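Chain by chain, the residues:
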Amino acid sequence: MVEIAPSILAADFANLQRDIEMLNESEADYIHVDIMDGMFVPNISFGIPVCESINRHAHKPLDVHLMIEQPDRYLEAFRQAGAAILTVHYEACPHLHRTIQHIKELGALPGVALNPHTPVEVLSEILHDVSLVLIMSVNPGFGGQKFIENTYHKVSRLRHMRKEANADFKIEVDGGVNSHNSPLLVNQGADILVAGSFVFGSANPLQTISGLKSFRNL
Ligand code: DX5
Ligand code: ZN
C-alpha cells in the first residue's frame, strides 16, 4: 500500500503540537518536514529548533527534505533533531556520493531529491546507495502549487531503472499531490506521496489521509 507523508509546511505553525497530534492519530506513515534556506529555494521555512520541537511530539518518523545549499553543513544537526530520513537535493550536492555516505554514517536513511527539470537518469550510478528518491512535482519553495504532469513519466522511468538495476529504494513524489493524481502516481510506481495543502486545507484531514492511502500499488 502507498505510504503517505503529510507536509507540516501546510500546518498551522501557531498550533504545531495540535497538528502533529492529529497526524499521530492518522494513518500517515511519516511526517514530511520541509527545510528551506532562502538560497537554494526563494523561501525560508524553519530550522533545527523547530524540527526538534516537532520531533518531541511526533510518533511517526520524520522525513526531512533539505531544500538548502551545501546541506553537508547541517546533516548532523538535523539527524540530532530527529530526522529518520534525510533527503538532499541532487542539484545542491557536487559530491553526492560522499553526502549519502555521511547520512548513512549518522544512522539516517539517505534520500536524494530531483527538481522538475532534472532527469532521473543522473542517478544511474548511485541507485544502490540511496533508500529514497524524491521526485519534485512542483518547483520547490512553496506549498500549494500546481502539479506538473510530466511527473508521471519520470516516476515510470525511475521505476524501470530501479527494476533494471535490481535496486530497492522507495520513490516519493512531492508537490501538488491530490486525490486526482494520487492513483495515477501509484500506478506509475510511487511508493510514498507527500501532501501538504491537500491534507491541511481539507475539512477532515484524517479522512483525507485515509483516502490518499487507500490506493493500492498495481
Ligand atoms: C515544496 C515542498 C513540498 C510542499 C508540498 O517545496 O517540498 O513538500 O510542502 O505542499 P503541497 O502538497 O501543498 O504542494
Ligand atoms: Zn518537501
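As the structure is a computational prediction, the values presented were derived from the model and not from experiment.

**Student:** Mind laying out the side chain of Arg162, listing which residues take part and the relevant values?
**Tutor:** If you trace the backbone, Arg162 turns up in helix α5 (residues 151–165). Dropping the residues within four chain positions of it, Arg162 is found in contact with Ala167, Phe169, Lys170, Ile171, Gly189 and Asp191.

**Student:** Mind laying out the coordination of the zinc ion (ligand 2), listing which residues take part and the relevant values?
**Tutor:** For the zinc ion (ligand 2), the full set of protein donor atoms is His32 (NE2), Asp34 (OD), His65 (ND1) and Asp174 (OD), and the range of their distances to it is 2.1 to 2.3 Å. Because the angles between the six donor atoms bound to the zinc ion (ligand 2) fall within 69 to 171°, the donor set is best described as octahedral. Sequence spacing of the donor residues for the zinc ion (ligand 2), all on one chain, is H-x1-D-x30-H-x108-D. Of this pair, His65 sits in strand β3 (residues 62–67) while Asp174 sits in strand β7 (residues 170–174), and the two are 109 residues apart along the sequence. His65 gets classed as buried once you look at its relative accessible area, which sits at 0%. Using a relative accessible area of 8% as the deciding quantity, one classes Asp174 as buried.

**Student:** How would you explain the environment of Ile8 if you had to name every residue and give the values?
**Tutor:** Residue position: Ile8 is located in the loop between β1 (3–6) and α1 (16–25). In this structure the C-alpha to C-alpha distance between Ile8 and Ile54, which are 46 residues apart in sequence, comes to 9.1 Å. Once you skip the residues sitting within four places of it in the chain, Ile8 turns out to touch Phe13, Leu16, Ile20, Leu23, Ile31, His32, Val33, Phe46, Ile54 and Phe200.

**Student:** I'd love a proper account of the pattern of salt bridges, names of residues and values included.
**Tutor:** As enumerated under the stated definition, the model contains six salt bridges in all. One salt bridge connects Arg18 with Asp19, and the closest N-O pair in it is separated by 3.1 Å. A residue is classified by how much of its surface remains accessible, and Arg18, at 47% relative accessible area, is partly exposed. As a salt-bridge pair, Lys213 and Asp29 come within 2.8 Å of each other at their nearest N and O atoms. Note that Lys213 is positioned in helix α8 (residues 205–213) and Asp29 in the loop between α1 and β2 (31–36), a separation of 184 residues in sequence. On the basis of relative accessible area, Lys213 is assigned to the buried category, the value being 10%. For Asp29, a relative accessible area of 21% gives the class partly exposed. Taken together, the salt bridges that share partners define one network made up of Asp12, Arg18 and Asp19.

**Student:** Describe the nonpolar core, naming the residues involved and giving the relevant values.
**Tutor:** Soluble, globular proteins show a tendency: their nonpolar side chains are buried together. Among the nonpolar cores identified, the biggest contains 59 residues, and Ile8, Val33, Val64, Leu66, Leu86, Leu185 and Leu193 are the most heavily contacted of them. If sequence neighbours within four positions are ignored, Val33 has contacts with Ile8, Phe46, Cys51, Ile54, Leu62, Asp63, Val64 and His65. Residues Ala113, Leu132, Leu134 and Met136 belong to the second largest nonpolar core, which totals 10 residues.

Reading the values: the criteria
Residues numbered from 1 in each chain as written. Chains lettered and ligands numbered in written order. Predicted model: local features only at pLDDT ≥ 70, side-chain atom pairs only at ≥ 80, totals over all residues. Heavy atoms only, no water. Helix = DSSP H or I, 4+ residues; strand = E, 2+ residues; numbered from the N terminus. Contact = heavy atoms within 4.5 Å. Donors = N, O, S within 2.8 Å, 3.2 Å for Na, K, Ca; no water. Tetrahedral: all angles 85-135°; square planar, octahedral: opposite > 155°, others 65-115°. Buried < 20%, exposed > 50% of the residue type's maximum accessible area, 1.4 Å probe, protein only. Salt bridge = Lys/Arg side-chain N within 4 Å of Asp/Glu carboxyl O. Core = buried A, V, L, I, M, F, W, Y, C linked by side-chain atoms within 4.5 Å.

Everything listed is a geometric property; what it means functionally is a separate question.
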